[in-house]
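Listed here are the chains, written in short residue letters.
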Amino acid sequence: TGLFVLDRRTGLIVEEHIPGYIKSALKTLYSSSTGRTAVHTAKVKKMLQTMSENEGRKMSLPESAKKIPEFIATHSLDESEFEKPVAEYATFNSFFSRRLRPGVRPIASPDDDLVVVSPADCRMTVFSDVTRATDLWIKGRHFTLESLLGSDSLAADVQGGALVIARLAPQDYHRWHFPVPVSEVLQAEPIAGTLYTVNPIAVRTNVDVYTENKRVVSVYSTPFGRVVMVAVGATVVGSITILPCGQRGGTARKGDEAGFFEFGGSTVLTLFPRGVVAFDADLVDNTSRGLETLVQVGMRIGVATAAPRSYVWQPSGAAPATAAAASSASV
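Residues numbered from 1 in each chain as written. Predicted model: local features only at pLDDT ≥ 70, side-chain atom pairs only at ≥ 80, totals over all residues. Heavy atoms only, no water.

## Topic: the sheet that holds strand 11 (residues 257-261)
Read from one edge to the other, the open sheet built from three strands follows the order 6-11-10, with strand pairing classed as antiparallel. Every interior strand has two partners, whereas the edge strands, strand 6 (175-177) and strand 10 (240-242), have only one. With strand direction ignored, the average angle separating the axes of adjacent strands in the sheet is 20 degrees. Bridging between strand 10 and strand 11 involves three bridges; their strand directions are antiparallel. Within strand 11, the position partnered with Ile240 by the bridge is Phe261. (Pairing = 2+ DSSP bridges. Helix = DSSP H or I, 4+ residues; strand = E, 2+ residues; numbered from the N terminus. Axes fitted to C-alpha atoms, helices over the stretch in contact; angles between N-to-C directions.)

## Quick look at helix 4 (residues 68-75)
Where helix 4 is concerned, the buried positions are Ile68, Phe71, Ile72 and His75. In a view along the axis of helix 4, the buried residues occupy a sector of 100 degrees, so they form one face of it. Away from its buried face, by an angle of more than 90 degrees, helix 4 presents the exposed residues Glu70 and Ala73. Turning to helix 4, the residues buried within the fold contact helix 5 (92-96). Just downstream of helix 4, Ser76 is the residue with a positive phi angle, here 50 degrees. (Buried < 20%, exposed > 50% of the residue type's maximum accessible area, 1.4 Å probe, protein only. Arc of directions from axis to C-beta. Contact = heavy atoms within 4.5 Å.)

## What about the side chain of His177?
Positionally, His177 belongs in strand 6. Among the residues examined, His177 registers a relative accessible area of 8% and is labelled buried. Within polar-contact distance, the side chain of His177 engages the side chain of Tyr173 at 2.9 Å. At 2.7 Å, the side chain of His177 forms a polar contact with the backbone oxygen of Gly255. In contact with His177, other than residues within four places in its own chain, are Pro119, Met229, Gly255, Asp256, Glu257, Ala258 and Val297. (Polar contact = N/O pair within 3.5 Å; in protein donor to acceptor, adjacent residues only side chain to side chain.)

## What about the confidence of the model for the protein chain?
Residues of the protein chain with pLDDT of at least 70 account for 70%, and the chain-wide mean is 80. Ranking the elements of the protein chain by mean pLDDT puts strand 16 (residues 328-329) last with 36 and strand 3 (residues 115-117) first with 97. The low-confidence segment residues 20-30 (pLDDT under 50) makes 22 contacts with residues lying over four places distant or belonging to another chain. Note that residues 198-206 has pLDDT below 50 and, in this model, 45 contacts with residues that lie over four places away or in other chains. (pLDDT = per-residue confidence, 0-100.)

## Structural notes on unusual backbone geometry
As a rule of thumb, non-glycine residues mostly have phi less than zero, and peptide bonds are mostly trans rather than cis. Non-glycine residue Ser76 carries a positive phi angle of around 50 degrees. Turning to its location among the elements, Ser76 is positioned in the loop between helix 4 and helix 5. Look at Ser109: it is not a glycine, yet its phi comes out positive at around 45 degrees. Inspection of the secondary structure puts Ser109 in the loop between helix 5 and strand 3.

Given below as structure tokens:
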């Protein structure tokens, strides 16, 4: 069976493009009891890490640039959004971690610190309480905030708080941005780990994707209190790079770039303290149906609970929302 997501811009449910050989590999490793048992072994973990490192190195060689045109065609990417012409990317990784042209991802309410925006072009799920995520989405055997963040005190800060899961497929723009303004970066701590896929087929099984994968845990001082972002690597991800403004002591405006991934799928998790954010109703509804929402960097995804909530997202071409429907949600 395919993987379906709801495109927020159009309101249509679409099938995510996953090459056949990857579908087969995912099914073998994560959809059978034998495969799920195997991925917990040291041998398979080492194999995934070695494969990912080797593939990452290949994608940084000059000859890898030959793969770029086929990748663009396969995923119907819009070249007009790229920062520079395709011919100017010297390697596949330089293309994969490309910037976009200024203005192609406008930031919602850039001067309103109480509006939260999407940190990435991604397939998004949102949870007003992280415990709801473990009920509906994250099925790892040993998932806890303490194991995810590598800190009991940090976990206590966001216990019962809200969670945004932003999953980046290989065809997505692979830079992530600050969803809220940051007055100071308090931490940017790398945690070593394995490299499982971040595809929902694995996340929604007993495989501990988020707590075992290689990741960087960042903590920000924001108008919402201490907000935590976790950049999670995945199978065939070459590296996780934190930009200077995302390093300890840095500051950022909402929508500024925070970092980037090299080749492969990946995920960015954002955790808020309890009770400070209400997510937009369409995202909450889609998540409750087990459906990821395809969103872009800078789209509004929520608002501070103390802020007015007379808003609802409308897909292009949709009828205007009624006043009764125009609200953020916290379910």
